[in-house]
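Reading the structure
Chain residues, written in single-letter form:
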Protein chains: 4
Amino acid sequence: MKKIRVAIVGAAGYAGEELLRILSRHPSVEIKVITSRQNAGKDIAEIFPRLAGLGLKFSNPDVNEILASCDAAILALPHGLAAEYAAPLMKGGIPVFDISADFRLRSLEKYKQYYKVDHPAPELLKDAVYGLPERYRDDIRKTNLVACPGCYVTSILLPTTVLLHAGLVSTEGIIASSLSGVSGAGRKVDLPYIFPECNESVRAYAPTGHRHLPEIEQELAVAAGVDSLNINFVPHLIPVNRGINSTIYLNPTEKFTPEAADEAFHAAYDNEKFVRYLGIGKLPDTKHVTLTNVCEIGCVYDKHTNKVILFSCIDNLTKGASGQAVQCMNIRFGLPETEGLL
Amino acid sequence: MKKIRVAIVGAAGYAGEELLRILSRHPSVEIKVITSRQNAGKDIAEIFPRLAGLGLKFSNPDVNEILASCDAAILALPHGLAAEYAAPLMKGGIPVFDISADFRLRSLEKYKQYYKVDHPAPELLKDAVYGLPERYRDDIRKTNLVACPGCYVTSILLPTTVLLHAGLVSTEGIIASSLSGVSGAGRKVDLPYIFPECNESVRAYAPTGHRHLPEIEQELAVAAGVDSLNINFVPHLIPVNRGINSTIYLNPTEKFTPEAADEAFHAAYDNEKFVRYLGIGKLPDTKHVTLTNVCEIGCVYDKHTNKVILFSCIDNLTKGASGQAVQCMNIRFGLPETEGLL
Amino acid sequence: MKKIRVAIVGAAGYAGEELLRILSRHPSVEIKVITSRQNAGKDIAEIFPRLAGLGLKFSNPDVNEILASCDAAILALPHGLAAEYAAPLMKGGIPVFDISADFRLRSLEKYKQYYKVDHPAPELLKDAVYGLPERYRDDIRKTNLVACPGCYVTSILLPTTVLLHAGLVSTEGIIASSLSGVSGAGRKVDLPYIFPECNESVRAYAPTGHRHLPEIEQELAVAAGVDSLNINFVPHLIPVNRGINSTIYLNPTEKFTPEAADEAFHAAYDNEKFVRYLGIGKLPDTKHVTLTNVCEIGCVYDKHTNKVILFSCIDNLTKGASGQAVQCMNIRFGLPETEGLL
Amino acid sequence: MKKIRVAIVGAAGYAGEELLRILSRHPSVEIKVITSRQNAGKDIAEIFPRLAGLGLKFSNPDVNEILASCDAAILALPHGLAAEYAAPLMKGGIPVFDISADFRLRSLEKYKQYYKVDHPAPELLKDAVYGLPERYRDDIRKTNLVACPGCYVTSILLPTTVLLHAGLVSTEGIIASSLSGVSGAGRKVDLPYIFPECNESVRAYAPTGHRHLPEIEQELAVAAGVDSLNINFVPHLIPVNRGINSTIYLNPTEKFTPEAADEAFHAAYDNEKFVRYLGIGKLPDTKHVTLTNVCEIGCVYDKHTNKVILFSCIDNLTKGASGQAVQCMNIRFGLPETEGLL
């Protein structure tokens, strides 16, 4: 069987490295092109010594070259830039899996409000499918533009949409508190991210207006069947390399019982390969999911305050970015969804 | 001037070590007795090499010896055991500063509910003053039994009581999410606390019914002037040695404005030496407070959801335990409150 | 093709977990039995949640059961205990891959000197092959008892034997300084290994007489073609989960030139899949090898002092233990050596 | 008594922060000027929130202003730049304590060889005293230019000079292996120092020709009473914030016995306040010295190889930089040597 030839556009960051790690073991994929403007011409061994065995070289991103040699492209680029490459690649007829934020938001206004620029390719939005397979699997199968969710977003949507969709929790008063490892900031060289500033440090940041907020709200609203909803989302930076731990506080509706919640989770996830629902009263740990594409979920009902509390852990670079992109690619190409991801 | 001769009862744990670190530099204190049943007879250099210069030896705790040679005792013992020592020491006439949970709760029922045993010395409770100087300074001055607050509790009370007391936030729907370093679990030899289980791990635990919960609720109720209130408190374990970072979500009352909150914080803390209120929109970081007795506080109003979010950081072993005990001791003995703590 | 049915005896420690991680993805292996006396009857999800999907259960180790159902056994047991299981399993006719120290030393005297007990099964030593494939590949193919090397040992032998064997460095004055992550101590619940004692700590230990010393000396002597040699080996504990970084100081012989060393390394390792020789002047990093079966090697000649300095990094649990055992198993069963290990 | 008014020139890096931490508690010092070209005009709270209480502001370094208002200057500047400020400050008559490398080397050739520029102020070298109080205390008392030793250097000199000076070890074949926390690289914003690149990483660097090498060799030669000697010095980067752990391998002379070494260490350090000699067979740990000005030393004799192995730990920012500068300042100003440092 012919392998899918893949281009990784923007392969020198942490999401790119994770794509390389995953795809290099993917039995149905050949990594054909890896691009990095900053590192064009360099051997992969110079940037990622652990991947030296792949024998790849970074090139300048060249749409024609990618179209000529590849069957799919995964974009691990900053927002704005991703859209520039997505358009010609789609026009050229190959599916694009975009890890950036460019095609996640349905609303051009929200995009402008949160990213401070006009949307770079609004005409493509109609094709974009939100790349959360557990909710949009069928649509992913049929599109050439998959907008992979943000890392925080994935960790919040997977547990929360289930109970919202089942009508077991209210759309009012949702609070999501997330803790992320430092690789979530990207391979970014900036004072707050050097080791002595992060190690032995725990800090909240962007407690209002974080760029992942509108994306979370958009998808929670879809799940709840409402036009819109507002939530609190407070991220914290934690001294680990990888992993996101999210705790979500919810108000139960009258329909809510722990048994009903348990049932809803089992119904939603018993057949999902990348969600491990632990049960009522059980709590996840980032170390159980790092370097896997799994989201681990726990659920607690606190009768003392009549609150439902959901807990989830993912690897921000795998299920939160590159692993999920590969999962979407598997779906789009009709491969077993877990291929290369176990 | 004569120095205060102090006994540290239970000096071989992390709170004990922190007391030793602080008191060894305290100009008005002489560390007279350090006890540890497990390490009786051992030189301090064997347990805490960095404190070798103190030339102290651990002894078995002996109430008569302490009464004969000391002016004050600080108890860094497990709950239950602390009460056993507090009673005879107080009877002997010296002030006791208890870092355990034994005298923090006013309610015997709550004590039994959360600690699973009958209170070991209910007759002493009437003397106990809650050792949070920023709220009980005058009472601390006059008692011989100071019940020093729990670490999580301190980090939540210092920011939250201000707004509750000012009537700016509701007693309903309070959610406190806390992140703690591993020393908060004590010098405990247990599988979940070995390095490879904690490093590269972030996990919530005890999301309902944590032992610090009734203490938080008790003191928040006092500040709000209500009989009782219920909150959510969810602690998380984070791979740092020291530090607690708490994020508290609150519902504003009609009186609330960011300016009023700002004013309330300034009024409460501008003259406090161990609270650093950062202002509206500013966020604390544990690394700014580790190894200090300071609580750093920030406040955010999120109009998007009409929530008030408070942020605080302390060092769990200093302001969260031993530093606060010394602060109380300074107050009780009429010393400058910051002595030995800057 | 029929899969090799494998028993992992002692599967609840870190080496066991790593075997499970590797073998669960090994296309030619079926994990048939996993044993743990302490956890017998428990589902794997209770001990290693990230491996929950395997659906395995720990059993008490039972030689007859293993012989009845398995084609091979990997022992991840403490020394002494390993020998007890190796004997009947070999007698039963299945190959045994032992990660313990029981069959690594050729000398019964050294075993007793370093392990403080008489060797538990001296009669088996004649069958034992030292499980370092890069040096004993052909022998591994033919034995039923593979004694997998220690973690520190692997990191020192792979670089050093090359130059000793080529006669480029002297057998005199060899100094090996190694830095190990905490998982190297096993899943051991002991005060020195709890998080606050390891984090922000760097310490040497056992600078003379470490149990890996005789094993290193034995194999270096073999490579050099001498009866015996004495070296310094000083291990240090470093606050990382995984990884060993070794720096080895050597005296060049008259034959030595950097070019000759470079050539020797290329000759030894250009065809080896699990050694990445970086070249003269290049230095490895543990983060390039964690979770891989690769040993990364660099070589420096310091003319200022006329010393050769070798640098190597491995993952202590993979190439230093479980990965190497699987590599040996692949060889023994005629599988591609890299199967399940890339 | 009048306080010593001190200027900290280059106060916005980690050495500067450590000077601020120490001097803010120093009873005989007033911090009068803190400079930072990059942060001139900013309040200290913006750069170092934990030091907000000092109420200081960064200014542009201005020699005249410093001379007009200060009694001493501590330079925490890059090499090259330090010399520019040292000259006019000394001419202006105030003692200068330089933490940079500018005045450590006696040889202008070595300076040029290792720092790649001509020495910026060779005329000052005659006044420079090497700021290692344990060896140059009397000279420090009398000079206006103290060249504080490098961090690695301090950790190697304190143990090694004792045995060299006593003639117990040879000047031949000395090997020093050091492990440093990341703050040793300074508050430097560069890819190799961001958290995900350092965490879970252990790596050697600069195994030949490190800039601290000539300084170590110079001072070891002085201690041994020889003109010159050559050593191996291999530093490694370790994921801790603070701390250096050095292991030094030495060849004993015929005079060597463990008892003689023990005696030499006791003679050298029993009266030193900032050296904690642990004894023969005892090993130090960085966590015993972080945030102190202490160097912890252990000594092992390995009869198996006839080697002497020394072990030392310091805090790279305290005894390795800022604490040592303050110790020198205390000496120069006739204060108790430990003032502000306990």
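Residues numbered from 1 in each chain as written. Chains lettered and ligands numbered in written order. Predicted model: local features only at pLDDT ≥ 70, side-chain atom pairs only at ≥ 80, totals over all residues. Heavy atoms only, no water.

A few points about the overall build of chain A
The helix and strand inventory of chain A stands at eleven helices and 14 strands. At 20 Å, chain A has a C-alpha radius of gyration in line with the 20 Å of a compact globule built from 342 residues. Over its C-alpha atoms, taken along the principal directions, chain A stretches across nearly 60 × 45 × 40 Å. Residues classed as buried in chain A amount to 66% of the 342 residues present. In chain A, once contacts between residues fewer than 6 apart in sequence are set aside, the share between residues at least 24 apart is 67%. Here chain A has roughly 11,600 Å² of accessible surface; of this, 49% comes from carbon and sulfur atoms. Each charge class in chain A can be summarised by its mean position, and for the 35 positive and 38 negative side chains these summaries are 4 Å apart. (Helix = DSSP H or I, 4+ residues; strand = E, 2+ residues; numbered from the N terminus. Rg over C-alpha atoms; globule rule 2.2 N^0.38 Å. Buried < 20%, exposed > 50% of the residue type's maximum accessible area, 1.4 Å probe, protein only. Contact = heavy atoms within 4.5 Å. Areas by Shrake-Rupley, 256 points an atom, 1.4 Å probe, with all protein chains shown as cover. Lys, Arg positive; Asp, Glu negative; His and termini not counted. Charge placed at Lys NZ, Arg CZ, Asp CG, Glu CD.)

Considerations on helix H4 (residues 81-91) of chain C
Residues and elements named next belong to chain C. The element H4 is largely enclosed, with a buried count of eight among its eleven residues. Those residues of H4 lying buried are Leu81, Ala82, Ala83, Tyr85, Ala86, Ala87, Leu89 and Met90. Buried positions along H4 lie against helix H3 (63-69), strand S4 (72-75), strand S5 (96-98) and strand S7 (145-147). Phi turns positive, to about 100 degrees, at glycine 93, one or two residues after H4.

Brief notes about the relation of the copies chain B and chain A
Of the transformation superimposing chain B on chain A, the axial component is 0.0 Å and the angular component is 180 degrees, with the fit at an RMSD of 0.0 Å. As the rotation angle and translation indicate, the two copies are arranged about a two-fold axis. The residues that chain B uses at the interface reappear at the interface of chain A in 100% of cases, marking a shared surface. (Least-squares fit on C-alpha atoms with pLDDT ≥ 70 in both.)

Comments concerning the sheet that holds strand S9 (residues 203-204) of chain A
All names here are of chain A. With mixed pairing, the seven strands of this open sheet are ordered in space as S9-S10-S8-S11-S14-S13-S12. Looking at the sheet topology across the chains shown, the edges are occupied by S9 and strand S12 (275-280). Relative to strand S10 (residues 232-237), S9 runs antiparallel, the two sharing two bridges. Looking at the pairing, alanine 204 lines up with histidine 236 of S10. (Pairing = 2+ DSSP bridges.)

Structural notes on the domain arrangement of chain A
Residues and elements named next belong to chain A. Parsing chain A into structural domains produces domain 1 (4-148 + 320-332) and domain 2 (152-316). Between the C-alpha centres of domain 1 and domain 2 there is a distance of 24 Å. On the side of domain 2, 29 residues touch domain 1, which itself brings 25 residues to the contact. Buried surface at the junction of domain 1 and domain 2, both sides included, amounts to about 2,300 Å², of which 49% is carbon and sulfur. Per-residue buried area on domain 1 facing domain 2 is highest for Tyr14, Tyr114 and Arg135; these three make up 27% of the total on that side. Put simply, domain 1 and domain 2 have three salt bridges between them. Ionic pairing is found between glutamate 18 and arginine 242, a salt bridge with its closest N-O pair at 2.8 Å. The interface formed by domain 1 and domain 2 holds 17 residue pairs in polar contact (both at pLDDT 80 or more) in total. For the side of domain 1 that touches domain 2, the per-class residue count stands at eleven nonpolar, six polar and eight charged. (Domains from an automatic or database assignment. Buried area = accessible area lost by both parts, 1.4 Å probe. Salt bridge = Lys/Arg side-chain N within 4 Å of Asp/Glu carboxyl O. Polar contact = N/O pair within 3.5 Å; in protein donor to acceptor, adjacent residues only side chain to side chain. Nonpolar A, V, L, I, M, F, W, Y, C, P; charged D, E, K, R; others polar.)

Some points on the pairing of strand S13 (residues 295-302) of chain D
Residue and element names in this part refer to chain D. With seven of eight residues buried, S13 lies mostly within the body of the structure. Pairing of strand S12 (residues 275-280) with S13 involves four bridges; the strand directions are parallel. Residue pairing across strands places isoleucine 280 opposite cysteine 299, the latter belonging to S13. In this sheet, strand S14 (residues 307-314) lies alongside S13 in antiparallel orientation, the contact comprising seven bridges. Looking at S14, one finds that aspartate 302 is bridged to lysine 307. The hairpin formed by S13 and S14 contains four residues between the paired strands, and asparagine 306 there has a positive phi angle of roughly 55 degrees.

Here's the deal with the packing of helix H7 (residues 151-165) of chain B against helix H10 (residues 258-269) of chain B
Residue and element names in this part refer to chain B. Taken N-terminus to C-terminus, the directions of H7 and H10 make an angle of 120 degrees; their axes are 9 Å apart at the nearest point. Between H7 and H10, the crossing angle belongs to the class labelled oblique. Once H7 is placed against H10, the crossing between them reads as right-handed. In contact with Leu158, Pro159, Thr161, Val162 and Leu163 of H7, H10 contributes Ala261, Ala264, Phe265, Ala268 and Tyr269. (Axes fitted to C-alpha atoms, helices over the stretch in contact; angles between N-to-C directions. Parallel < 35°, antiparallel > 145°, perpendicular 65-115°, else oblique. Left-handed = near helix turned anticlockwise from the far one by under 90°.)

Some remarks on the environment of glycine 41 of chain B
Residues and elements named next belong to chain B. Considering the arrangement of structural elements, one finds glycine 41 in the loop between strand S2 (29-35) and helix H2 (44-47). We classify glycine 41 as partly exposed; its relative accessible area is 47%. Distance in space between the C-alpha atoms of glycine 41 and alanine 72 is 22 Å, their sequence separation being 31 residues.

Examining the sheet that holds strand S11 (residues 244-250) of chain B
Residues and elements named next belong to chain B. What the seven strands build is an open sheet, ordered S9-S10-S8-S11-S14-S13-S12; its pairing is mixed. Both outer strands of the open sheet, strand S9 (203-204) and strand S12 (275-280), are each paired with one neighbouring strand and no more. Of the strands in this sheet, S12, strand S13 (295-302) and strand S14 (307-314) touch H10, which is tilted by about 165 degrees from S12.

Some thoughts on the packing of aromatic side chains
All names here are of chain A. Taken as a whole and judged by the stated rule, the model has 24 aromatic pairs over all chains. For the pair phenylalanine 256 and tyrosine 301, a centre-to-centre distance of 5.2 Å together with 40 degrees between the ring planes defines the contact as tilted. Of this pair, phenylalanine 256 sits in the loop between strand S11 (244-250) and helix H10 (258-269) while tyrosine 301 sits in strand S13 (residues 295-302); the two residues are 45 residues apart in sequence, bridging distant segments of the chain. Judged by its relative accessible area of 9%, phenylalanine 256 is buried. (Phe/Tyr/Trp six-rings, centres within 6.5 Å; stacked < 30°, edge-to-face > 60°.)

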